[in-house]
Protein chains: 2
Amino acid sequence: MSAEEAAELIRHDEILGVSGFTLAGYPKAVPTALAKRAERLHAQGKPFQVSLFSGASTGDECDGALARANAIRYRAPYQSNKDLRSAINQGKIFYTDAHLGIMGRWIRSGALPHPTTAIIEATEVSDDGKIRLSTSCGNSMEFLQMADRIIVELNSLYGDALAGIHDCYLPDMPPHARPIPVSHVLDRVGTDFVQVDPEKIVAIVHTQAGDSVHPFTEPDEISKTIAGHILEFLAHERKKGRLPSGLPYQSGVGNVANAVLTAMARNPLQEPISLFTEVIQEAVFELIQSDKLLGASGTALTCSAKARKYFLANAFALKRKFVLRPQEVSNHPEVIRRLGVIAMNTAIECDIFGNVNSSHICGSSVMNGIGGSADFSRNCLLGFFMTPSTAKNGTISAIVPLVSHLDHSDHETDIFVTEQGLADLRGLDPVARAHRIIDACSHPDYRQQLNDYLNYSVKSAKGKHIPIALDRAFNMHLRFLSDGSMKE
Amino acid sequence: MSAEEAAELIRHDEILGVSGFTLAGYPKAVPTALAKRAERLHAQGKPFQVSLFSGASTGDECDGALARANAIRYRAPYQSNKDLRSAINQGKIFYTDAHLGIMGRWIRSGALPHPTTAIIEATEVSDDGKIRLSTSCGNSMEFLQMADRIIVELNSLYGDALAGIHDCYLPDMPPHARPIPVSHVLDRVGTDFVQVDPEKIVAIVHTQAGDSVHPFTEPDEISKTIAGHILEFLAHERKKGRLPSGLPYQSGVGNVANAVLTAMARNPLQEPISLFTEVIQEAVFELIQSDKLLGASGTALTCSAKARKYFLANAFALKRKFVLRPQEVSNHPEVIRRLGVIAMNTAIECDIFGNVNSSHICGSSVMNGIGGSADFSRNCLLGFFMTPSTAKNGTISAIVPLVSHLDHSDHETDIFVTEQGLADLRGLDPVARAHRIIDACSHPDYRQQLNDYLNYSVKSAKGKHIPIALDRAFNMHLRFLSDGSMKE
């Protein structure tokens, strides 16, 4: 069936569940055709909008095309597309930002309505309903199980290179749930395909387009400095006997996280590591090439065109080192806590008491979303939040008196790192935390201002446990909003 | 050995790990003697302070006596004592508020230093180091394992009434951890005693004092109304097929939580329930007496003098319905998520976007702490936060534009309930959440003010995803601090 014909099957006001996690394995042809159809209908004065559930962000062919066509009413649980983000921040699209590890469970339990149509990228479909997914698992299993109808985008680009990489297993639903039997990064506990009722498959659309993943860029100096602080701290903790070897790493999306993996790959003294993470990113290939990867478990494999070529040429060997799982498992508290993951996630801003904002600029404009950062930070054995100490040419300080939006409370931020330095916050009371963060992590241009605030708040706050000055807590943000800079 | 002699064994600057969880099973004689010793030393101009780790709060004989004696330098992870709280809020005692489910893991991993001396209330100690705990497990296993020295308060009050109630099992530490094999509320997976190295026991002090637990009070009208909303909602969800039967309940500490259990006990249509919770509170006995309790798992059993009498008289039968576990297990994400717990916790305030403050008045003065509320709210299948809509004779609104302290982000607050009504927030985008919370939960005296704020913030916020007005977000709190009322 053509993508256009498949798009005709979708009705106004449906809930679509699409495959895809952070630009890996999302449907391309049908959403693009659906966007065109929405535009035609809108031109005729007819309403056409859908709710869009996914694993995480999808590519411009899906989120971007549908947002520009004004075809999305509601979106969950994550996005990173420029045009979609802009529409959300203009209040034109309703968006629920959710922990990525819990979205599938919400749908299975009925806390959220189930998708009526699932649109899933696959590499193989059998007559009896066995579907092999492509470069991500995401929430595809849940959508395939729960949806009334299934549209498959059958992508021939990968041949059988991805066959066997998936571990399709969903945790039991309560009250009769058993332990998730994953105790090691590469444990396989499910099937390598998803079994669906073949009667539900209403369309198979043939495609051959790769994921639109940006090429890997070399880490900049600031990211390299942050990575250096982290590696130095890990070595120190290991020496102190506080960090057993063999713990897997989780690495968030973005330049700084990539820089840590790259630094490990290039450090001749680095022992081989394993990853238990969401997204197996391109930096992983450098770990493999330097013989430093034992194995990587994720829910998505993001490859730029160059990395895809490398993967396809070496798929047979590489696949033994990779497992792709549903995000309910890759991000599950049970498994993350059991494995003792070392988590590394990017912050937008951090306040002096250690609260972290991962998602909203000045509290109101969503950037991408909380993603899986809390799934990991809350359950890891050791967690890092990292960010450059300033943004926008120094007009924004990443260290503020109070985060303008709070995704991670001080209870789950172990270590905070900027290029200025690293603050180990474990066990510190709030005032001690404030001094350590200001001294170790803030940019010198903002240190005086932050210390002045702390002195004022310690004096003025009614309670001295967390001396917060409600009358001045957002002054830096307000100055930025009015003057374009947080600087005094 | 006398309590005074045992107290002499403790040196200035030690870290003490004491048994006890929410006024259950804490040491009484030695801390009281230690407080007296500290006062004597202080009178001689000598320094004497300790760091105090516990399961959760302890009784006045421990937290209160030591705080009044100025004998505590640092306290973690929870407290509820008037004098201790006051000293913390005056900045005289350093206090780290922590998730109760993770404290033991922090100590075992070395993220926090280990206690040098453990002071543990027990009901039995054998020559070869088998210790039976008393009315709580808390972090006692971890402290007994990790401490250099052990002081036992051997309490004869309970006889052998508590023997067999404990399930002493700690999760493996990474990287070689296995699943926690608890799949049902009453599953027993450990021993009913803690094995310690008998060489570490430096003192056994005989005692016979009960836990100082306040008598159970009848729920007030507001608590009953909140409980009614919750039970009505649960029935509705069950009817809609979104709530399988057999899910266990967690019930936080406090009047409102007690009211829910009491309402269940008194409802002739209520099916028998099970509890997977932190504290098995007195309201549970009413469930038992009305044949509505299948079983209860917790880390503590709090009994007022009256309830203790009932328990001691019926211990043999009651024990089969109770399991006390270490708080690393009672509050473990793995088990809570597996069992599909329905969580009910008390909030201090909730903002219009669904963020919850469980711990700090006006952001700065700690009340008790976050406790285990996040262990449950983050991993439950369905979670309630509940509070009366106003406090202090109506001068404080529990619904505010922005929480002054954030313990639970909008990502993990499913349902918010006041006596005014219930707001089901699942899947709602931020603006929809704001309307629902204001309409359903806020007190009529504050509704206009909250709507005015929302109208202003929707207009003024740069991003419309979470329209927050940083210049007015804390106006209600600031008015309360200056005028004694949040009312305009």
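Nothing here was measured: the structure is a model prediction, and the numbers come from that model. (Residues numbered from 1 in each chain as written. Chains lettered and ligands numbered in written order. Predicted model: local features only at pLDDT ≥ 70, side-chain atom pairs only at ≥ 80, totals over all residues. Heavy atoms only, no water.)

## Regarding the relation of the copies chain B and chain A
Part 1: Superposing chain B onto chain A takes a rotation of 180° plus a shift of 0.0 Å along the axis, which leaves an RMSD of 0.0 Å. The symmetry that links the two subunits is that of a two-fold axis. Relative to the rotation axis, the C-alpha of glutamate 334 of chain B is the closest in chain B, positioned 2.1 Å from it.
Part 2: Interface overlap between copies: 100% of the residues of chain B at the interface are likewise at the interface in chain A, consistent with a symmetric, same-surface contact. (Least-squares fit on C-alpha atoms with pLDDT ≥ 70 in both. Contact = heavy atoms within 4.5 Å.)

## Some points on the pairing of strand β2 (residues 50-53) of chain A
All names here are of chain A.
Part 1: Judged by which residues are buried, β2 turns out to be covered on both faces: Val50 and Leu52 on one side and Ser51 and Phe53 on the other are all buried.
Part 2: Inspection of the sheet shows strand β1 (residues 15-18) paired to β2 by 3 bridges, in the parallel sense. By the bridge assignment, isoleucine 15 is partnered in β2 with serine 51.
Part 3: The parallel pair β1 and β2, bridged by helix α2 (residues 29-43), forms a crossover whose chirality is right-handed.
Part 4: Where β2 meets strand β3 (residues 72-76), 4 bridges bridge the pair, whose relative direction is parallel. Within β3, the residue paired with leucine 52 across the bridge is arginine 75.
Part 5: Chirality of the crossover, the property in question, places the unit of β2, helix α3 (residues 60-68) and β3 among those that are right-handed. (Buried < 20%, exposed > 50% of the residue type's maximum accessible area, 1.4 Å probe, protein only. Helix = DSSP H or I, 4+ residues; strand = E, 2+ residues; numbered from the N terminus. Pairing = 2+ DSSP bridges. Right-handed = clockwise from strand over helix to strand, strands pointing away.)

## Observations regarding the pattern of salt bridges
Part 1: In total, this model carries 54 salt bridges over all chains according to the counting rule given.
Part 2: Across the pair glutamate 221 of chain A and lysine 224 of chain A runs a salt bridge, and its minimum N-O distance is 3.7 Å. Separated by 3 residues within a single helix, glutamate 221 of chain A and lysine 224 of chain A lie in helix α7 (residues 221-239), roughly one turn from each other.
Part 3: The partly exposed category is assigned to lysine 224 of chain A, whose relative accessible area is 40%.
Part 4: A salt bridge links lysine 82 of chain B to aspartate 83 of chain B, with the nearest nitrogen and oxygen atoms 3.7 Å apart.
Part 5: Residue classification places lysine 82 of chain B among the exposed positions, given a relative accessible area of 61%.
Part 6: A single network of salt bridges, built from pairs that share partners, joins Asp60, Arg68, Lys82 and Asp83 of chain A. (Salt bridge = Lys/Arg side-chain N within 4 Å of Asp/Glu carboxyl O.)

## Focus: the side chain of serine 304 of chain A
Part 1: With respect to the helices and strands, the residue serine 304 of chain A is situated in the loop between β14 (300-301) and α10 (305-313).
Part 2: On the accessibility criterion, serine 304 of chain A (2% relative accessible area) is buried.

## With respect to the environment of leucine 402 of chain B
Part 1: By the element assignment, leucine 402 of chain B lies in the loop between β24 (399-400) and β25 (415-418).
Part 2: Spatially, the C-alpha atoms of leucine 402 of chain B and alanine 43 of chain B are 46 Å apart, while their sequence positions differ by 359 residues.
Part 3: Apart from the residues within four sequence positions on either side, leucine 402 of chain B is in contact with Phe474 of chain A together with Asp351, Ile468, Ala473, Phe474 and His477 of chain B.

## Description of the domain arrangement of chain A
All names here are of chain A.
Part 1: If you check the domain split of chain A, you get domain 1 (3-207) and domain 2 (221-483).
Part 2: Summarising the inter-unit geometry, the C-alpha centres of domain 1 and domain 2 are found 28 Å apart.
Part 3: With 49 residues of domain 1 at the contact, the number on the domain 2 side is 49 residues.
Part 4: At the boundary of domain 1 with domain 2, total buried surface from both sides reaches about 3,700 Å², with 59% on carbon and sulfur atoms.
Part 5: Our count for the domain 1 to domain 2 interface comes out at 2 salt bridges.
Part 6: Notably, a salt bridge pairs arginine 108 with glutamate 328, separated by 3.0 Å at the nearest N-O pair.
Part 7: In this assembly, domain 1 and domain 2 are joined by 30 residue pairs in polar contact (both at pLDDT 80 or more). (Domains from an automatic or database assignment. Buried area = accessible area lost by both parts, 1.4 Å probe. Polar contact = N/O pair within 3.5 Å; in protein donor to acceptor, adjacent residues only side chain to side chain.)

## With respect to the interface of chain B and chain A
Part 1: Between chain B and chain A, the residue contacts involve 80 residues of the former and 80 residues of the latter.
Part 2: Buried area between chain B and chain A, both sides added, is near 6,500 Å², and the carbon and sulfur share of it is 59%.
Part 3: Contact with chain A buries area across many residues of chain B, yet Arg337, His411 and Leu470 of chain B alone supply 13% of it, more than any other trio.
Part 4: Connecting chain B to chain A are 4 salt bridges.
Part 5: A salt bridge links arginine 338 of chain A to glutamate 334 of chain B, with the shortest nitrogen-to-oxygen separation between them at 3.1 Å.
Part 6: Inspection of the chain B/chain A interface yields 34 residue pairs in polar contact (both at pLDDT 80 or more).
Part 7: For the side of chain B that touches chain A, the element with the highest residue contribution is helix α13 (residues 333-339) of chain B, accounting for 5 residues.
Part 8: Residues belonging to the side of chain B that touches chain A are distributed by class as follows: 37 nonpolar, 26 polar and 17 charged. (Nonpolar A, V, L, I, M, F, W, Y, C, P; charged D, E, K, R; others polar.)

## What about the nonpolar core?
Part 1: The biggest cluster of nonpolar side chains holds 76 residues, and the ones touching the most others in it are Leu234, Phe311, Phe322 and Phe384 of chain A.
Part 2: Broken down by element, the residue count for this core peaks at 7 residues, all from helix α8 (residues 255-266) of chain A.
Part 3: A domain split of this core shows at least three residues from each of domain 1 (3-207) and domain 2 (221-483) of chain A.
Part 4: In this structure, Trp106, Ala147, Ile201 and Cys303 of chain B belong to the second largest nonpolar core, which totals 75 residues. (Core = buried A, V, L, I, M, F, W, Y, C linked by side-chain atoms within 4.5 Å.)

## Description of the packing of helix α7 (residues 221-239) of chain B against helix α8 (residues 255-266) of chain B
All names here are of chain B.
Part 1: It is the contact of α7 with α8, at a shortest axis distance of 8 Å, that shows an interaxial angle of 55°. What the angle tells us is that α7 and α8 run oblique. In the crossing of α7 with α8, the sense of the turn from one axis to the other is right-handed. Residues Ser223, Lys224, Ile226, Ala227, Ile230, Leu231 and Leu234 of α7 form the contact with α8, whose own contacting residues are Asn255, Val256, Ala259, Val260, Ala263 and Met264.
Part 2: For the contact of α7 with α8, the per-class residue count stands at 10 nonpolar, 2 polar and 1 charged. (Axes fitted to C-alpha atoms, helices over the stretch in contact; angles between N-to-C directions. Parallel < 35°, antiparallel > 145°, perpendicular 65-115°, else oblique. Left-handed = near helix turned anticlockwise from the far one by under 90°.)

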